[in-house]
Amino acid sequence: MRFALSKIAHGLLLILGVTLISFTLMVWFGPDQTYSLVGKNATPEQIAEIRHELGYDQPFARRYGGYLAQLFTLNLGASNSSGEPVSQILKRTVPVTLALMIPGFVLGNLLGIALGLLSAQHKGRWIDRLVTGLSVTGMSISFLVIIIFLQVLLSTPYGLNLFPVRGWQVDDPGSYLRYVAVPTLSLVFVTLGYNTRFYRAVFVEESGRDHIRTARAFGASTATILWKHVLKNSMVPVLTRIMFSIPLVVISGSLLIESYFGIPGVGKVTFDAITSGDQPVLKAVVGLTAVAFVLIQILTDFIYKLVDPRIA
Amino acid sequence: MTCWGKLNPVNLFRYQFALLSAALAAVLMLTACDQSTDKAGPANSFTIYRHSMDGAPSSLDPAQASHIYANFLAVNLYDTLYRYKYLARPYQLESNLADGLPQVSADGLIYTIRIKPGVHFIDDPAFPEGKGRVVRAEDFVYSIKRHFDPRTRAQGAWLWQGRIVGLDSWKEDGSDYDREVPGLKALDDRTLQIQLISPFPQLTHTLAQGFSAIVPREAVEYYGQEFAIHPVGSGPYRLTLFNSASAVLVRNSHFREEPFSLEAEGYDPDMHGQFGLERLEGRIPPFTDRIEIEFIAEDASRWNAFIAGELDFVKVPVSQFDQVLQSREPPVLKPALAEQYHLISNLESGFVHTDFNMDDPRIGYHPDPEQNIRNKALRCAIIKAFDWQKRNEVFYYGIGQVFAGIIPPAAPEFDTRQDPALVARDLDGARELLSAHGWHTGNLPVLEYGFPANVTERQMFEQFRSFMGEIGYPADKIRPLTFATYGDYARAFLNREVMLITTGWTMDYPDAENTVQLFFGPNSSPGSNSANYSNREFDRLYRSSSSMQASDMRTAMYRNMNEIVIDDCATISGVSRRMILLWPRDLAVLPDRSFTGGFFFRFVAAAEPDTGEAPQ
């Protein structure tokens, strides 16, 4: 209980710090929407009217206080661009982003772990070099190039023409698979290299430890060594990587994936808010991402204790 | 070397890989099945038109329809009093909701407009029992008043600001909708009257803008701020879906029945005969049941979707011109593509130009008359050193139209006999000017060239710097002034903080008044005169011409103003970009992105050459 309370108190402080910094950055360095909303031949009075409507003329402390109140009450206001309540925007877009990102996220991590284990097991041999080489190659290719390449290869008459180039008309599992397949492949392609390199490093370090040598001396099978000793004992860094990726997947989505595949998720909405200076949307996304990170951190601390009881 | 016994884990990995491969194969098979089902029935594609746009609107409130993307939706979801004829060029106004052109008093101050009877708003919960009511003249009055209510965050007030009797003071008095505006009245349900402060010949054009679309007060009050995403209009379509990636419009089944007339729309067999429009004669628009609009800013994605048959219209990305065009001038499709698609090259209704901030004494007006003359010589030298042909070649594939001054080719008043030498590069002339006025590398001022941070703008800056390098302008004296977003850039130049301002202007209506006002002194920043240009003779001509109906004399005055700006070297101008638009040959349509745009949606139809039937 004390552990939980201490984590929550730390979390609250962290949220305050993160929101204060991000809010300050948004207010002082973020885009000013006034000049996007003002009409042609605007007078200084009209510019002042818009600034007033947007709340830019309020003191900083009042604006920050209002922001915190919005976050804690989850009454996030309405978009300055469309007038749609931000909570409604998130309700509409977050499930789309989840449905879009989860397959790629899960596959990318599972394959990364599998390849990491394989590579670690054959450290220094041709399989390791091959996996490492392919990982570095994957990491070196731009996400944009991968997306366009896979679109052309899988979705146009220049290639196999099997999947839609873009869109998200998901009514049933079949249409879901059709629309999610190429984005998922793109995501797996781009994340696999990073995941494999990371997991390989973790597993190589773990496999050099005394208890692995002891298990091998006892005649444990390779599978047992891999799954029971290496993977299980590497769970802390593995969990850390996976858990801390979740808020980005859920809240921020993937701008490029959503833009290039025409998917109305939260990533695209966030990008539009950044470029247009739609502060209510931006504040909500930044604030909720911060809250999600803190919650994930608390949850991760609990899971650490489950997978490794030595952690205090 | 680390090796854990035999190859069991490899086998394990093989099993995993086999499982994943099987799953992927299943997805591919399912997809193939799904897709074949989708592609089987051509019937749907005849009544669905799938349009693509290279940008997206964030609001569907006509009061915020400040760009072409928002206008496309506004004029289809709502009614405007007037529209432009579908095919006639130069553009001609045509009644839309209005019952005929306005009756204008002899002094040009009072416009009386009748609206068509029996036009209904779409059914919507905003109305009693959800039934759309009749559109009344009072709705137009309300819609224009909204632009003068700060709560609307409207962007179209500038069209009528200082023009309509009592409208500005209505705003100053608190924007009370129940208070009448003397110059904006509904005489009865079908008649409205607009009284102007001074003649404003462009008024009817403003009534064809998305800004002037007619909204019902009940819906605005019912949806509040969310009205921007709940359009309730009387246009040919109503909205069923809208998000950051797409919008779906379906035919408004109660839209008034007005037979399509080729003659009335300005049909010319020589110009339009190839597009299959003849079969539409006498039919009732809108011809398409459903319009799906994809907002695709990414060129590659937009092009791939079009080639894959997922779209019926595309603005071809410049990067694809080489793949698509057999020749540039005139643009002709490669034979294989010509069998499948129609092409038009659409000249933009605007232009790109780089203004000098005349308020900046380093390059613009200077209190010392001698320095003032030297500054002018410097500006003129910069203009002479600018290579428009190269700019056009590198950034617009050489198919943009370069011209001198501030009246672009899309304006009816454009002088087609303009001397090409005005935009020809003259390096010797530039060097002579600099030397004659005592400019040398040591005393040339630092030029700050502003632009929003993106690759193309940066490349344009570098090209500008290289042009200037050829007249001896030191590279370190031409500096980029970058901004994260266009909004930030706009803030800076509207606050007169940018020395060289590159912007594009899209004309709101086909009348050069809309571009010459960019250099009218009283419109200086934060108004649209970003150059902060001021010339007494120019201003006098503008004031005199602004109340004149279109005539040879007015055209001569506009051209005179154009020459004044050219002589004063206030702007490096300009180029009108040309867009290449493609659509499948089985569609009977002539798309257009100029001016308000979007009115053509109601006339899109599948040509169906076998049966002679157009979809209803």
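Before reading further, recall that the structure is shown in the block above.
Residues numbered from 1 in each chain as written. Chains lettered and ligands numbered in written order. Predicted model: local features only at pLDDT ≥ 70, side-chain atom pairs only at ≥ 80, totals over all residues. Heavy atoms only, no water.

A. Representation of the overall build of chain A in the model. For chain A, the count of helices and strands is 14 helices and 0 strands. When the helices and strands of chain A are placed in sequence order, the string is α-α-α-α-α-α-α-α-α-α-α-α-α-α. Seen through its principal axes, chain A has C-alpha atoms that stretch 80 × 60 × 35 Å. Out of the 312 residues in chain A, the part that is buried amounts to 51%. When the 25 positive and 17 negative side-chain charges of chain A are each reduced to one mean point, those points stand 13 Å apart. (Helix = DSSP H or I, 4+ residues; strand = E, 2+ residues; numbered from the N terminus. Buried < 20%, exposed > 50% of the residue type's maximum accessible area, 1.4 Å probe, protein only. Lys, Arg positive; Asp, Glu negative; His and termini not counted. Charge placed at Lys NZ, Arg CZ, Asp CG, Glu CD.)

B. Layout of the sheet that holds strand β6 (residues 184–188) of chain B. Residues and elements named next belong to chain B. Strands sit in the order β4-β5-β7-β6 across an open sheet of 4 strands; the sheet is antiparallel. Each edge of the open sheet is held by one strand with a lone partner, namely β4 (103–104) and β6. Where strand β5 (residues 110–114) and strand β7 (residues 191–195) come together, 5 bridges link them in antiparallel fashion. Residue pairing for β7: Ile-110 is matched across the bridge by Gln-195. Helix-sheet contacts for helix α4 (residues 137–146) involve β6 and β7, and the interaxial angle to β6 is about 170°. (Pairing = 2+ DSSP bridges. Contact = heavy atoms within 4.5 Å. Axes fitted to C-alpha atoms, helices over the stretch in contact; angles between N-to-C directions.)

C. Region of interest: helix α7 (residues 143–155) of chain A. Its 13 residues give α7 of chain A an end-to-end C-alpha distance of 17 Å, which sits within 8% of 18 Å, the value for a rise of 1.5 Å per residue. Those residues of α7 of chain A lying buried are Phe-143, Ile-146, Ile-147, Leu-150, Gln-151, Leu-154 and Ser-155 of chain A. The buried side chains of α7 of chain A occupy one side of the element, clustering within an arc of 130° when seen end-on. For α7 of chain A, the elements touching its buried residues are α6 (126–140), α8 (173–207) and α12 (255–260) of chain A together with α9 (299–307) of chain B. (Expected span 1.5 Å × (residues − 1). Arc of directions from axis to C-beta.)

D. Geometry of the packing of helix α5 (residues 86–121) of chain A against helix α10 (residues 222–233) of chain A. Residues and elements named next belong to chain A. Running from N to C, α5 and α10 cross one another at 115°; their axes reach a closest spacing of 12 Å. As for the relative orientation of α5 and α10, their crossing is right-handed in sense. Across the interface between the two elements, Ile-113, Leu-117 and Gln-121 from α5 touch Thr-222, Leu-226, Trp-227, Val-230 and Leu-231 from α10. For the contact of α5 with α10, the class distribution of residues is 6 nonpolar, 2 polar and no charged. (Left-handed = near helix turned anticlockwise from the far one by under 90°. Nonpolar A, V, L, I, M, F, W, Y, C, P; charged D, E, K, R; others polar.)

E. Structural context of the side chain of Ser-246 of chain B. Residue and element names in this part refer to chain B. Relative to the helices and strands, Ser-246 resides in strand β9 (residues 246–251). Relative accessible area serves as the criterion here: at 12%, Ser-246 is assigned to the buried category. In this view, Ser-246 contacts Leu-241, Ile-293, Glu-294 and Phe-295; residues no more than four positions away in its chain are not counted.

F. Structural context of unusual backbone geometry. The residue after Glu-329 of chain B, namely Pro-330 of chain B, is reached through a cis peptide bond having omega 0°. Position of Pro-330 of chain B among the secondary structure elements: in the loop between β12 (325–327) and β13 (332–333). For the bond running from Ser-573 of chain B to Gly-574 of chain B, omega is -10°, close enough to zero to count as cis. Phi at Asn-41 of chain A takes a positive value of approximately 55°, unusual for a residue other than glycine. By relative accessible area, which is 15% here, Asn-41 of chain A ends up buried.

On their own, these measurements won't tell you what the molecule is for.
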